[in-house]
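One letter stands for each residue in the lines below.
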Amino acid sequence: MTLTKLDFQAIKKLVRLEIDDALEQKLEEKLGRYPAKDEFKELEIKIKFLPTKDEFYVSMDKLMKELSTIREELALTPSFTQVADLEEKVEALEKQIHAV
């Protein structure tokens, strides 16, 4: 069986179609992960109210300063049990003074 020129052209066409389909599928797989232009617009609308990196860091610095101030104040402030102990000692001393 001998192949004619038309047979070779038909085979060539089929091979090209298969290759084109495979390449198109690979390309779609690769590009499918990336958002389209209209998806970027949607994303811009969603994030337009978020702070910039500098604004975020400035606000975090303020917040951390406030947190450290609160912790320092807590370290300097006596706890409830310490205050209760001091009140008991003062009451005991007042009783001794009044007893004399």
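See above for the structure.
Residues numbered from 1 in each chain as written. Predicted model: local features only at pLDDT ≥ 70, side-chain atom pairs only at ≥ 80, totals over all residues. Heavy atoms only, no water.

Points about the overall build of the protein chain
Convention followed: The helix count covers DSSP runs of H or I at least four residues long, the strand count covers runs of E at least two residues long, and both are numbered beginning at the N terminus. In this treatment the radius of gyration is a C-alpha quantity, and the globule benchmark scales as 2.2 Å times the residue count to the 0.38 power. Note on exposure labels: buried denotes an accessible area under 20% of the residue type's maximum, exposed denotes more than 50%, and partly exposed covers the range between, all computed with a 1.4 Å probe on protein chains only. Here the accessible surface of atoms and residues is derived via Shrake-Rupley with a 1.4 Å probe, and residues count as covered only by protein chains that are part of the display. The charge count treats Lys and Arg as positive and Asp and Glu as negative. His and the chain ends do not count. Charge placement uses NZ in Lys and CZ in Arg. For Asp and Glu, CG and CD serve respectively.
Counting its secondary structure elements, the protein chain contains four helices and zero strands. For the protein chain, whose C-alpha radius of gyration is 40 Å, the value lies well above the compact-globule estimate of 13 Å for 100 residues. Over its C-alpha atoms, taken along the principal directions, the protein chain stretches across nearly 135 × 35 × 15 Å. The burial tally for the protein chain puts 0% of its 100 residues in the buried class. Accessible surface, the protein chain: about 10400 Å² in total, of which carbon and sulfur atoms supply 63%. The distance from the centre of the 17 positive side-chain charges to the centre of the 22 negative ones in the protein chain is 12 Å.

Quick notes on the environment of Q96
Examined against the element boundaries, Q96 turns out to sit in helix 4 (residues 80-99). The exposure class assigned to Q96 is exposed, which follows from its relative accessible area of 52%. For the pair formed by Q96 and F49, sequence separation is 47 residues and the distance between their alpha carbons is 67 Å.

Comments concerning a negative patch on the surface
Stated precisely, the cut-off is as follows: Think of a patch as exposed residues, more than 30% relative accessible area, with no salt bridge, where like charges cluster within 9 Å and nonpolar side chains (Val, Leu, Ile, Met, Phe, Trp, Tyr) cluster within 5 Å. By salt bridge we mean one thing: a side-chain nitrogen of Lys or Arg within 4 Å of a carboxyl oxygen of Asp or Glu.
Taken together, the side chains of E18, D20, D21, E24, E28 and E29 make up a negatively charged region of the molecular surface. Turning to its location among the elements, D21 is positioned in helix 1 (residues 5-31). When its relative accessible area of 46% is taken as the criterion, D21 is described as partly exposed.

Points about the environment of Y34
Position of Y34 relative to the elements: it lies in the loop between helix 1 and helix 2 (37-47). Measuring from C-alpha to C-alpha, the distance between Y34 and P78 comes to 58 Å, with 44 residues separating the pair along the chain.

Structural notes on a nonpolar patch on the surface
On the surface, L3, F8, I11, V15, I19 and L23 cluster together to form a nonpolar patch covering roughly 560 Å² of accessible area. Examined against the element boundaries, I11 turns out to sit in helix 1.

Coordinates in, geometry out; function isn't part of it.
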